[in-house]
Amino acid sequence: MTAPTDRGPAPVGPSAPAGPADGMTATCVFAVRRGGDPGSLAGRSGHTGGGPLRLLPLAGSLRAVVQSVPAADFTQEALRRRLSDPVALERCARGHHDVVVAAAADGPVVPLPLATLFTDDRRAAEALDHQRELFLGTLDRLAGRAEWSVKVHLGRSAGTAPAPAASRTAGTARAAAPGAGAAYLSRVRGRERDRQSWQDAALHVAQRVHDTAAALAVAAVRRRPHGPEVTGRDRHQVLNAAFLVDDAQSAELAAAVHALRGSFTGLEVHIDVTGPWVPYSFTGGVHP
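Calculation notes
- Residues numbered from 1 in each chain as written.
- Predicted model: local features only at pLDDT ≥ 70, side-chain atom pairs only at ≥ 80, totals over all residues.
- Heavy atoms only, no water.
- Pairing = 2+ DSSP bridges.
- Helix = DSSP H or I, 4+ residues; strand = E, 2+ residues; numbered from the N terminus.
- Axes fitted to C-alpha atoms, helices over the stretch in contact; angles between N-to-C directions.
- Expected span 1.5 Å × (residues − 1).
- Contact = heavy atoms within 4.5 Å.
- Polar contact = N/O pair within 3.5 Å; in protein donor to acceptor, adjacent residues only side chain to side chain.
- Buried < 20%, exposed > 50% of the residue type's maximum accessible area, 1.4 Å probe, protein only.
- Core = buried A, V, L, I, M, F, W, Y, C linked by side-chain atoms within 4.5 Å.

Either a parallel or an antiparallel arrangement is found when strands of a sheet pair, and the pairing is made through backbone hydrogen bonds. Read from one edge of the open sheet, 4 strands run β6-β7-β5-β8, paired in antiparallel fashion. The open sheet has two free edges, formed respectively by β6 (219–223) and β8 (269–277), since each of these has just one partner strand. In this sheet, adjacent strand axes meet at a mean angle of 20° when their direction is disregarded. Taken together, the 5 bridges between β6 and strand β7 (residues 235–246) define a ladder with antiparallel strand orientation. In the sheet register, Ala219 faces β7, and the bridge partner there is Leu244.

Structure below.
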């Protein structure tokens, strides 16, 4: 989230000489697109307490999807409170996403970061027009394409997980017994070989799935896999990637990736393909 800015005069918020007066509004920008039917935004509420969603004219054919929101709800302090409240943050993020999805119903959009705010429409238009060429190039690149997510998980077998602390302590005690040292070291080396073999297999699976999807995509973004706090201790994520795909290729990509599910003998492989999504992952560099 970002507090309102105008790239010039003092922003609304605690850094200004005084807080916003009751009734003052700021302009929240959700996305930028070419023209479009305002009717696609009907029924979407945006941020709680704000006005109706509308299209703000920019240079040429560009339009910003905006909402007038209470300035007092988006000061630095108000945003800090919202960031620290998971329920409020999720509500805000979902509202933002719903507007972006609605705006993309009749053509490509460039989503902007959550709570991109300016003190008024004029300053919003000035800042967005400053990046007009970047918006136009990005919209051209996204036309007729969508984002698809591919995640790969491997099941964790008992032999691949690190030995529990209690087992290591017991193993050390056994190693101290006469004649047990060689056997203990052999077991340790065996476990290490198993872990290394599993890691090599995981890298192979991830690369093969990624390469299969990338061959049918225009662009790809590979992110850090989620840890067990998200996936669960019985599932190890080895690939977390997004692909920008021509609409005409999306079914082929999904089929090609799904076909790999039974290709990895001896491994418990789970492949999830989801989409189409608004291509958030492929609009980098646009930061009003």
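All right, on to helix α2 (residues 86–103) then. With 18 residues, α2 extends 26 Å from end C-alpha to end C-alpha; this agrees with the ideal 26 Å at 1.5 Å per step. Tucked into the core, α2 has its buried residues touching β1 (25–34), β3 (62–70), α1 (76–83) and β4 (109–118). A distance of 3.1 Å separates the backbone nitrogen of Val87 from a side-chain oxygen at the start of α2, and that oxygen is part of Asp85.

Turning to the environment of Ala102, a few remarks are in order. Position of Ala102 relative to the elements: it lies in helix α2. Remark: the alpha-carbon pair of Ala102 and Leu41, spanning 61 residues in sequence, is separated by 5.8 Å. Setting aside chain neighbours within four positions, we find Ala102 in contact with Ser40, Leu41 and Arg44.

What follows concerns the pairing of β1. The buried fraction of β1 is high, at 8 of 10 residues. Of the strand pairs in this sheet, β1 and β3 are connected by 9 bridges, and their pairing is antiparallel. The residue of β3 that forms the bridge with Val32 is Ala64. Where β1 lies against β4, 6 bridges are found, and the strand directions are antiparallel.

Moving on to the nonpolar core. Ranked by size, the top nonpolar core spans 25 residues in total, and within it Val150, Val152, Val209, Leu253, Val257, Ile271 and Val273 carry the most contacts. When contributions to this core are tallied by element, the ones reaching two or more residues are β5 (145–155), α6 (181–214), β7, α8 (250–258) and β8. Counting 20 residues, the second-largest nonpolar core is a separate cluster that includes Cys28, Val65, Leu79 and Val100.

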